[in-house]
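# Understanding the architecture of this molecule
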Amino acid sequence: MLTQTTSRVLEPSDLDAALAVLDREPVANAFVTSRVRVAGLDPWRLGGEMWGYYEEGMLTSLCYAGANLVPICATPRAVRAFADRARRAGRRCSSIVGPAGPTAELWRLLEPGWGPAREVRAHQPLMVTDRMPDDIAPDPYVRRIRKDEMDTIMPACVAMFTEEVGVSPLAGDGGLLYQARVAELVGAGRSFARLDERGRVVFKAEIGAATAQACQIQGVWVAPEYRGQGIAAPGMAAVLRYALADVAPIASLYVNDFNTPARKAYLRVGFQEVGAFMSVLF
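About the cut-offs
Residues numbered from 1 in each chain as written. Predicted model: local features only at pLDDT ≥ 70, side-chain atom pairs only at ≥ 80, totals over all residues. Heavy atoms only, no water. Axes fitted to C-alpha atoms, helices over the stretch in contact; angles between N-to-C directions. Helix = DSSP H or I, 4+ residues; strand = E, 2+ residues; numbered from the N terminus. Parallel < 35°, antiparallel > 145°, perpendicular 65-115°, else oblique. Left-handed = near helix turned anticlockwise from the far one by under 90°. Contact = heavy atoms within 4.5 Å. Nonpolar A, V, L, I, M, F, W, Y, C, P; charged D, E, K, R; others polar. Buried < 20%, exposed > 50% of the residue type's maximum accessible area, 1.4 Å probe, protein only. Phe/Tyr/Trp six-rings, centres within 6.5 Å; stacked < 30°, edge-to-face > 60°. Pairing = 2+ DSSP bridges.

This part takes up the packing of helix 8 (residues 232–246) against helix 9 (residues 260–269). Two elements in contact, helix 8 and helix 9, have axes whose closest approach is 9 Å; the angle formed by their N-to-C orientations is 50°. In terms of orientation, helix 8 lies oblique with respect to helix 9. Of the two possible hands of crossing, helix 8 and helix 9 adopt the one that is right-handed. Between helix 8 and helix 9, the residues in contact are Ala232, Ala233, Met236, Ala237 and Leu240 and Ala265, Tyr266, Arg268 and Val269, respectively. For the contact of helix 8 with helix 9, the residue count by class is eight nonpolar, no polar and one charged.

This next bit is on the environment of Ile96. Locating Ile96 in the fold gives a position in strand 5 (residues 95–99). Residue Ile96 is classed as buried on the basis of its relative accessible area, which comes to 0%. Between the alpha carbons of Ile96 and Phe258 there is a distance of 19 Å; along the sequence they are 162 residues apart. Apart from residues no more than four positions distant in its own chain, Ile96 is found in contact with Leu69, Thr103, Leu106, Trp107, Leu110, Trp114, Met278, Ser279, Val280 and Phe282.

So, on to the environment of Ala248. Structurally, Ala248 is set in the loop between helix 8 and strand 11 (251–254). A relative accessible area of 5% places Ala248 in the buried class. Put simply, Ala248 and Leu170 are 78 residues apart on the chain and 31 Å apart in space, counted from C-alpha to C-alpha. Leave out the neighbours within four places in its chain, and Ala248 touches Thr211, Ala212, Gln213, Ala214, Cys215 and Ala243.

To continue, consider the packing of aromatic side chains. In this structure the tally under the stated criterion is eight aromatic pairs. Taken together, a centroid distance of 5.2 Å and an interplanar angle of 65° make the contact between Phe161 and Tyr178 edge-to-face. Here Tyr178 lies in helix 7 (residues 176–187) and Phe161 lies in helix 6 (residues 150–165), a separation of 17 residues in the sequence. Centre to centre, the rings of Tyr266 and Phe271 are 6.2 Å apart; their planes meet at 65°, and the pair counts as edge-to-face. Using a relative accessible area of 8% as the deciding quantity, one classes Tyr266 as buried.

Okay, the pairing of strand 9 (residues 201–210) next. The buried count for strand 9 comes to nine of 10 residues, which makes it a mostly enclosed element. Pairing of strand 8 (residues 191–195) with strand 9, which is carried by five bridges, proceeds in the antiparallel orientation. In the sheet register, Ala193 faces strand 9, and the bridge partner there is Lys204. Between the antiparallel neighbours strand 8 and strand 9 lie five residues, among them Gly199 with a positive phi of about 80°. Remark: four residues form the turn of the hairpin made by strand 9 and strand 10 (residues 215–222), two consecutive strands paired antiparallel.

Pairing is mixed across the open sheet formed by 12 strands, whose spatial order is 1-2-3-4-5-12-6-11-10-9-8-7. Pairing within the sheet leaves two strands with one partner each, and these edge strands are strand 1 (5–9) and strand 7 (143–144). As paired strands, strand 5 and strand 12 (residues 272–281) are joined by five bridges and run antiparallel to one another. Paired with Gly98 across the two strands is Met278, which belongs to strand 12. In the packing of helix 8 onto the sheet, contacts are made with strand 6 (119–129), strand 7, strand 8, strand 9, strand 10 and strand 11, and the angle to strand 9 comes to roughly 30°.

Here it is, written out as structure tokens:
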């Protein structure tokens, strides 16, 4: 019998209850939901533990604890419980990321033991759309990347990640995990790019998370020599067309608040701000 308020590591048998929590906020939770629907709650397959917080015997909040620490539908009391569990376990994640309010509180509680962070991005607008723009034609040259084009797309993915996160994804394991993730998205038909006449990537983006309710576009990148030429908005419109037609009825993304060109491009394509994420990078 569970006490009135308690937290524990969820087991595979808790899958339906966990999905019920995740489905309360399908857009904000798309990343974790997509993983859980594929892997279930077995930590080895999921790539981390799923912590659950119970109130009055009901599962009300979750926290994914893997390469990222992600609070999900987390009430203030749940955040405190997750912080206690994370403090006892020690830091194993490379970032804390999630809805700005709970993530800020989680970091406030963990910073004395886990800090300092390499970088804190306190406000990352969460943007969504469910329709194509009226006034931006999709770039006809943006297409799915084929499995035999990994050598073409990989340098652009590494450049985007290094620019975005501040460290190379090739550090540590030589990039094996990162390359596997890129290959997974290419294999799933969720990696898109425009190539120039020499076969180099001009624009790229991926649909990184996908559920029946929502998908999340990530890894948007324009090659430096092509920036400022109006390539991003038509490229995003092309990816959006694939997303809405083939993947989910709602497309989302989150963006750094200081990335003004990207925010303008997303607004031009019709994305609207509906909330904010926060990321703490180690």
